[in-house]
Amino acid sequence: MRIYIHNLRRYITYGGLSLLITFLPLVLYSCKVSIEGDTTPQQQLNPPGNGEWQRLKGIDGGLIQCLAISGSTLVAGVNYHGSLFRSIDNGTTWSETVLSEFPVDAIAARGTTFYAGTGLGTGEVFRSTDNGATWQKIAMGGIQIFPRVFLILDSTILIGGGFGLIARSGNNGTAWTSTQVLPSNSWISSFAVIGTTIFAASHEGMIARSTDNGRTWLQLPNILPQNSNLKLVANGTTLFAGAGNGVFRSTDNGVSWTKIGNLDIYSLLVSGSTIVVGTYRGIYRSTDGGITWTKTITQGIVGSALNVLVAQGSTFFAGTSGQGVLRSNDNGVTWIRSNVGMNAANISGFAEFGGSLFVGSKGGGVFRSQDNGASWEQTNGTMDNFDITALAANSSALFAGVFQAGIGVYRSSDNGFSWTGLNSGQAPQAVAANNSVILIGDNTSIARSIDNGNTWNIVYPTSPYVSDISISGTKALAATGEGILRSIDNGMTWVTANTGILPTSSSLINARKLIMSRGISLVATDNAVFRSTNDGIAWLPTKGLEGQWVNAFASNDSTFFAGTTSGGVFQSTDNGFSWTRLNTGKVVPNVVALFVKEDNLFAGTFNNGVYRLRLK
């Protein structure tokens, strides 16, 4: 199982206690450093443009955490703030609604009423009585439940959340009580119902049972594997469980279990005699009670886990970790992407090749535009991994780094129609290319190819990881968890180049993103942005980005651009010495990639697609 950690701070507050889920330290320093010969002008020139950001359509997908369906209406929660996407035409097209600043982790539906909940922050619960068109926040009477799953039974509503808690309302959400059903270190992950018995399973592999409509609960013996991402589904009098190491079946209300499959389960669906499971490697289907399994998807799912499965008759829907929603109209035999309007892709990088603009996404593969972003098409061709970590191009080929040890990099020489795995032996986070050399970096080394990726040599062992590489002529810089590495011979040899860069409070220099352009080098660390005019020999701190978490750089002939987590895009018109916010009337959230093509600035975001700004 892979865990992705993004540049987000997440907190849970419970009983006055704040728990930090993901923490990235930000420590600010100030100092005065002089570099001999640096005579960069410090005046600000006129800004390059004053247009408005346009969110581009056609780069569809996203990390879907939950799905609910009622009639022809689907509602999907994505891992970006509190965004919901809603379809009223059975998943054909989607529109977006933002409920909260925290991701929506749970959705349920009954008739025209939908419920949604955020599993982080303060644990908010929302309700819609008009098929998800409008939403209202529900007052929980002081109960903090951090929703992960809902169960709606007539007028009874159950919400499973953190700390082993279940909240219950017997009057359609007017009043609530809470009960600790499982240990406080567990998260309720699913519900199932057989007759008058309700089952609640935790992510950690524990199960509790209630026979009085959820008022009281009894924990069952821990027979199933622990820490197993447990999912429960009932079909008639049979209970099915999907776990991290298999599929299990119980015919005695969860007292005993029989293993019926060895798959690593992320999601589980049982419809009639059909069992469908979502894994990291695809969707599998069984019609004989789990005796045999058939893989229903071989292309397009590798690198994109199946987080959730729901059904409406013979139509099945799957929520993925990057490719948005998939739909099957034949009981899960065949699947198609169903994402038009779901602009929630997690962007990893840009590249230009053959006059076209390419976008890489994590879990969604590569998209191509031949009209400066007006329209897009997915162009993964023969690529067998859609988890793109970086893009780069030279005059003869386009290169895509993938999170897959062994293959590492794919190459396309025909504008993305077909791809060849280059077997670099790495799982790179960074890729850079010119006409002489290709450089890639992962969490152990920097590798180099001088024959367009056919063969590779390890040129520098690194620890910790390489997060970015930039090439300018025969010179190159690499950003690592221990600072900057510098090469002056096309990446053959490397030396440390941290002079002038201030460390963090842990005495380490965590260099994350960098750029070399027009004789200027810029690097973003945890605490500041630094600038060099001598290809990284020595560095100066810049002004204007203090307190900003910088994730991306780009440049045109006169301006540098910096993309940040919360502040949008900044610009520098004095060669990176000072920075101001690019004032366009809209702050693009969570910018993780930037690219300039002709008179257009493109911003790729974390789970919010791509934006374009026309520069003037």
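Rules of the game
- Position numbers for residues count from 1 along each chain, tracking the sequence in the order it is written.
- It should be noted that, the model being predicted, local features are given only for residues of pLDDT at least 70 and side-chain atom pairs only at 80 or more, the latter also being counted only at that level, while totals for whole chains, interfaces and linings use all residues.
- In computing side-chain properties, one takes all heavy atoms of the structure into account and sets aside hydrogens as well as water.
- By the criteria applied, helices consist of DSSP H or I runs no shorter than four residues and strands consist of E runs no shorter than two, each listed in order from the N terminus.
- Burial classes: relative accessible area under 20% of the type maximum marks a residue as buried, over 50% as exposed, and values in between as partly exposed (1.4 Å probe, protein chains only).
- Contacts: residue pairs with any heavy atoms within 4.5 Å of one another.
- Shrake-Rupley sampling with a 1.4 Å probe provides the accessible areas, and residues are treated as covered by the protein chains on show and by no other component.
- Stacked, tilted and edge-to-face are the three classes applied to pairs of Phe, Tyr and Trp rings, where Trp contributes its six-membered ring and a pair requires centres within 6.5 Å; stacked means planes under 30 degrees apart, edge-to-face means over 60, and tilted covers the rest.
- Over a ring means this: the NZ of a Lys or the CZ of an Arg is within 6 Å of the ring centre and within 35 degrees of the ring normal.
- Here, a salt bridge means any side-chain nitrogen of Lys or Arg that lies within 4 Å of a carboxyl oxygen of Asp or Glu.
- What qualifies as a polar contact is a pair of N or O atoms within 3.5 Å, subject to a donor-acceptor requirement within protein and to the restriction that residues adjacent in sequence count only when both atoms come from side chains.
- As a per-residue measure, pLDDT reflects the predictor's confidence and takes values from 0 up to 100.
- DSSP bridges decide pairing: two strands pair if at least two such bridges lie between them.
- The set of buried Ala, Val, Leu, Ile, Met, Phe, Trp, Tyr and Cys residues whose side-chain atoms join them within 4.5 Å is what this entry labels a nonpolar core.

Draft legend 1. Highlighting the overall build of the protein chain. Of regular secondary structure, the protein chain possesses 0 helices and 59 strands. Residues counted as buried form 60% of the 616 residues belonging to the protein chain. Across the protein chain, every contact between residues at least 6 apart in sequence was considered, and the portion connecting residues at least 24 apart equals 46%. Carbon and sulfur atoms form 49% of the exposed surface of the protein chain, whose accessible area is close to 23200 Å².

Draft legend 2. Fine view of the packing of aromatic side chains. The final tally for this structure, using the stated rule, is 6 aromatic pairs. Taken together, F146, F163 and W187 form an aromatic cluster joined through their ring pairs. Cation over ring: R148 sits above W187, and NZ or CZ is 4.3 Å from the ring centre. Between R368 and the ring centre of F417, over which it is positioned, the NZ or CZ distance is 4.2 Å.

Draft legend 3. Here's a closer look at the pattern of salt bridges. All chains considered together, the criterion is met by 9 salt bridges. The closest approach of N and O atoms between K597 and E598, which form a salt bridge, is 3.6 Å. Among the charged side chains, a network of salt bridges with common partners joins E352, K597 and E598.

Draft legend 4. Region of interest: the environment of R249. Mapping R249 onto the fold places it in strand β22 (residues 246-250). Between the C-alpha atoms of R249 and T238, which are 11 residues apart in sequence, the distance is 7.0 Å. One polar contact links the side chain of R249 to the main-chain carbonyl oxygen of G289, over a distance of 3.0 Å.

Draft legend 5. Quick peek at the confidence of the model for the protein chain. Per-residue confidence for the protein chain gives a mean pLDDT of 86; residues scoring 70 or more make up 90%. Confidence drops under a pLDDT of 50 for residues 1-49, and excluding neighbours within four residues, the segment shows 117 contacts in the predicted structure.

Draft legend 6. Examining the sheet that holds strand β26 (residues 282-286) more closely. Across the sheet, which stays open at both edges, the 4 strands sit in the order β24-β25-β26-β27 with antiparallel pairing between neighbours. On the outer flanks of this sheet lie β24 (267-271) and β27 (294-295), each paired with one strand and no other. Of the strand pairs in this sheet, strand β25 (residues 274-279) and β26 are connected by 5 bridges, and their pairing is antiparallel. Paired with G278 across the strands is I283, a residue of β26.

Draft legend 7. Molecular detail of the environment of L153. As for its placement among the helices and strands, L153 is situated in strand β12 (residues 149-153). Look at L153 and you get partly exposed, because its relative accessible area is 22%. Apart from the residues within four sequence positions on either side, L153 is in contact with V193, I198 and N213.

Draft legend 8. Inspection of the nonpolar core at higher detail. Counting 18 residues, the largest nonpolar core has V125, M140, I145, F150, I159, A167 and W176 as the members making the most contacts within it. Residue assignment for this core shows that the elements contributing at least two residues are β8 (104-110), β12, β13 (156-160) and β14 (165-169). Non-local contacts of M140, meaning those with residues more than four positions away in its chain, are made with V125, I145, I159, A167 and W176.

Draft legend 9. View of unusual backbone geometry. You will see that F146, though not glycine, has its phi angle at about 50°, which is positive. Positionally, F146 belongs in the loop between β11 (136-137) and β12. In this model, N423 sits at a positive phi of 50°, which is unusual for a non-glycine residue. Considering the arrangement of structural elements, one finds N423 in the loop between β40 (420-421) and β41 (430-433).

Draft legend 10. Just the sheet that holds strand β59 (residues 610-614), in detail. Read across the open sheet, the 4 strands follow the order β3-β59-β58-β57; overall the sheet is antiparallel. Two strands lie at the open edges of the sheet, namely β3 (54-55) and β57 (591-597), each paired on one side alone. Summarising the sheet, β57 and strand β58 (residues 600-605) pair through 6 bridges and their orientation is antiparallel. Residue pairing across strands places V596 opposite L601, the latter belonging to β58.

Draft legend 11. Geometry of the pairing of β14. With 5 of its 5 residues buried, β14 lies for the most part within the structure. Of the two faces of β14, the one lined by L165, A167 and S169 and the one lined by I166 and R168 are each fully buried. The pairing of β13 with β14 spans 4 bridges and is classified as antiparallel. For I157, the partnering residue across the bridge sits in β14 and is S169. Here β13 hands over to β14 after 4 residues, with F163 in that stretch at a positive phi of 60°. Where β14 and strand β15 (residues 177-180) come together, 4 bridges link them in antiparallel fashion. Each residue of the ladder has a partner; that of R168, found in β15, is T177.

Draft legend 12. A look at the environment of P541. When you line up the elements, P541 lands in strand β52 (residues 540-541). A relative accessible area of 23% means that P541 is categorised as partly exposed.

Draft legend 13. A look at the side chain of S467. Within the secondary structure, S467 is located in strand β45 (residues 466-472). Overall, the relative accessible area of 11% leaves S467 in the buried class. A distance of 3.1 Å separates a polar side-chain atom of S467 from the backbone oxygen of A511. Once residues lying within four places of it in the same chain are set aside, the contact partners of S467 are Q429, A430, A479, A511, R512 and K513.

Draft legend 14. The arrangement of the side chain of K597 in detail. One can find K597 in strand β57. By relative accessible area, K597 is classed as buried at 5%. Among the polar contacts listed, one links the side chain of K597 to the side chain of N372, at a separation of 3.2 Å. Residue contacts for K597: discarding those within four places in its chain leaves E352, G355, S356, L357, N372 and F602.

Draft legend 15. Structural view of the pairing of strand β55 (residues 569-572). By the alternation rule, side chains of β55 split into V569 and Q571 and F570 and S572, which are all buried. One ladder, built from 4 bridges, connects strand β54 (residues 560-564) with β55; its direction is antiparallel. Looking across to β55, one finds that G563 is bridged to V569. Hairpin connection between β54 and β55: a loop of 4 residues separates the two successive antiparallel strands, and G568 in this loop has a positive phi of roughly 80°. Bridging between β55 and strand β56 (residues 580-581) involves 2 bridges; their strand directions are antiparallel. The residue of β56 that forms the bridge with F570 is R581.

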